[in-house]
Amino acid sequence: MIAVGVLDSHGEAIAALSVNANSPRVSGEKAFSEFLPALQEHADRISRLT
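Residues numbered from 1 in each chain as written. Predicted model: local features only at pLDDT ≥ 70, side-chain atom pairs only at ≥ 80, totals over all residues. Heavy atoms only, no water.

Caption draft 1: Spotlight on the environment of Pro37. Its location among the elements puts Pro37 in helix α1 (residues 28-49). With 33 residues separating them along the chain, Pro37 and Val4 place their C-alpha atoms 9.9 Å apart. (Helix = DSSP H or I, 4+ residues; strand = E, 2+ residues; numbered from the N terminus.)

Written as structure tokens, this is what we have:
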């Protein structure tokens, strides 16, 4: 599982986004290189709405 925080306008964590994948189908390297940047981008977008 990979998770990133969603922050409010004060920098406090208010939620999290996560992705789970079947390890035989998705390597840890692929998860971090492909999923983590997308999770961070979307968490940042949500954070800007708060």
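Caption draft 2: Spotlight on the environment of Ala43. Positionally, Ala43 belongs in helix α1. Between the C-alpha atom of Ala43 and that of Ser23, which follows or precedes it by 20 residues, the distance is 23 Å. When neighbours within four sequence positions are excluded, Ala43 is seen to be in contact with Val4, Gly5, Val6 and Leu17. (Contact = heavy atoms within 4.5 Å.)

Caption draft 3: Geometry of the nonpolar core. Counting residues in each nonpolar core, the largest one holds eight residues, listed as Ile2, Val4, Val6, Val26, Ala31, Leu36, Leu39 and Ala43. Elements supplying a minimum of two residues to this core: β1 (2-7) and α1. The leading source of residues in this core is α1, at four residues. The residues touching Val6, leaving out its near neighbours within four places in the chain, are Glu12, Ala13, Ile14, Ala15, Ala16, Leu17, Ala43, Ile46 and Ser47. (Core = buried A, V, L, I, M, F, W, Y, C linked by side-chain atoms within 4.5 Å. Buried < 20%, exposed > 50% of the residue type's maximum accessible area, 1.4 Å probe, protein only.)

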